[in-house]
Each structure stands twice: as C-alpha cells, then as structure tokens.
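Here are the chains, one letter per residue:
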Amino acid sequence: MAVALGVAGALGGGLIGVRDERSAEATVNAISRGQAPATAASLRRASADARTASRLLLDRSPEITRAVLAVLERRPRTAYRLLDAVVRDEPYNVEALVALVFVARGVAPRRVPELMRALRRADPYAWRTLR
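Go over the overall build of the protein chain, please, and point to the residues and values.
Looking only at helices and strands, the protein chain features 7 helices and 0 strands. Secondary structure elements of the protein chain occur, N-terminal to C-terminal, as α-α-α-α-α-α-α. Scored against the burial criterion, the 131 residues of the protein chain give a buried share of 40%. In the protein chain, once contacts between residues fewer than 6 apart in sequence are set aside, the share between residues at least 24 apart is 50%. Taken as a whole, the protein chain presents about 8,000 Å² of accessible surface, with 57% of it coming from carbon and sulfur.

Spelled out as structure tokens, the structure:
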C-alpha cells in the first residue's frame, strides 16, 4: 500500500511538473511570437510555473525556460547563472549551451570562446550556425 501511494505521488508530481513546464513554455512562445505582451504579471506567473516544474521534473528544460524568462525580465546575470549550472551538470546539453552562448555575449564575453569550443564538441552543426 505504501509503495502504491509513493508511485501515485511521484506520478502526480510529474504530471504537475509537466503541466507547469508547458504553461511556462507557452508564455515564452507567445511573447516571443508577439502574440502576448511581456507583462510583469505574466512573467511572474510563468517563472513560478517553471520553478515548480524544476522541483518536480528530472529534465533540465524548466531551468532553461527560467533562464529565458530571466532574459525577458531583463535579468541576464540570473539567466547566465541558471544556464551555467545546467551546462556544468550536462556539458552536452546543446539547448543550454546555445542559450548560454547568447547570454554570455552580454554578461561574460570572455567566456564565449570556451563555450563555442564546448558547443563544437557537443554539436558541430549548432556550432556552425552560431559562428
């Protein structure tokens, strides 16, 4: 019985995490496509959803979403910190590397060559598109 409750709790938490990640991503997509304004309230709500998803999911995509939201909120150093943590833990996470290169260009430009080398090792095609 206890095992069944544990499994049900884990599945429920995972479903909530997926729901919240999708909600945060939908907000980012709507803003980036010009379909919704980047209001303080919508960014705050999306950030809260992404934080919840980060706690409930093993996937690192909620942290990448949080970083994108930080950029939209004009907090590039927070975005850099979030993305750097993902890349440290997952050096072949191409999505995080690409995002980190873009953020580092404004926050830590001296680190860009190192990040580009890491991107080239992880995905030569992505590296060629960013050169």
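Kindly report on the packing of aromatic side chains, identifying the contributing residues and their values.
Two descriptors summarise a pair of aromatic rings, namely the distance from one centre to the other and the angle between the planes of the rings. The tally for this structure, following the rule as stated, stands at 0 aromatic pairs. Over the ring of Phe102 we find Arg105; its NZ or CZ atom is 5.3 Å from the centre of that ring. Here the basic side chain of Arg120 rests over the ring of Trp127, its NZ or CZ set 4.2 Å away from the ring centre.

Can you lay out the environment of Asp20 for me, pointing to particular residues and giving the numbers?
Structurally, the position occupied by Asp20 is in helix H1 (residues 2-32). Its relative accessible area of 7% is what places Asp20 among the buried residues. Contact partners of Asp20, with chain neighbours within four places excluded, come to Asp49, Thr52 and Ala53.

Go over unusual backbone geometry, please, and point to the residues and values.
A positive phi angle is found at Arg74, which is not glycine, with a value near 60°. Position of Arg74 relative to the elements: it lies in the loop between helix H3 (61-72) and helix H4 (76-89). Of the residues examined, Arg74 reaches a relative accessible area of 73% and is grouped as exposed.

Explain the packing of H3 against H4 residue by residue, including any values.
One can describe the packing of H3 onto H4 by two numbers: an axis separation of 7 Å at closest approach and a directional angle of 165°. One element, H3, and the other, H4, form an angle in the roughly antiparallel class. Relative to H4, the crossing made by H3 is left-handed. Residues Glu63, Ile64, Arg66, Ala67, Ala70 and Val71 of H3 touch H4, and the partners they reach there are Pro76, Thr78, Ala79, Leu82, Leu83 and Val86.

Please give an account of the nonpolar core that cites residues and values.
As a rule of thumb, soluble globular proteins bury nonpolar side chains together. The biggest cluster of nonpolar side chains holds 26 residues, and the ones touching the most others in it are Tyr80, Leu83, Met116 and Leu119. Breaking this core down by element, the ones donating at least two residues are H3, H4, helix H5 (94-107), helix H6 (112-122) and helix H7 (124-130). The element best represented in this core is H5, accounting for 8 residues. Within the second largest apolar cluster, 7 residues are counted, among which are Ala24, Leu43, Ala46 and Leu69.

Conventions adopted
Residues numbered from 1 in each chain as written. Predicted model: local features only at pLDDT ≥ 70, side-chain atom pairs only at ≥ 80, totals over all residues. Heavy atoms only, no water. Helix = DSSP H or I, 4+ residues; strand = E, 2+ residues; numbered from the N terminus. Buried < 20%, exposed > 50% of the residue type's maximum accessible area, 1.4 Å probe, protein only. Contact = heavy atoms within 4.5 Å. Areas by Shrake-Rupley, 256 points an atom, 1.4 Å probe, with all protein chains shown as cover. Phe/Tyr/Trp six-rings, centres within 6.5 Å; stacked < 30°, edge-to-face > 60°. Lys NZ or Arg CZ within 6 Å of the ring centre and 35° of its normal. Axes fitted to C-alpha atoms, helices over the stretch in contact; angles between N-to-C directions. Parallel < 35°, antiparallel > 145°, perpendicular 65-115°, else oblique. Left-handed = near helix turned anticlockwise from the far one by under 90°. Core = buried A, V, L, I, M, F, W, Y, C linked by side-chain atoms within 4.5 Å.

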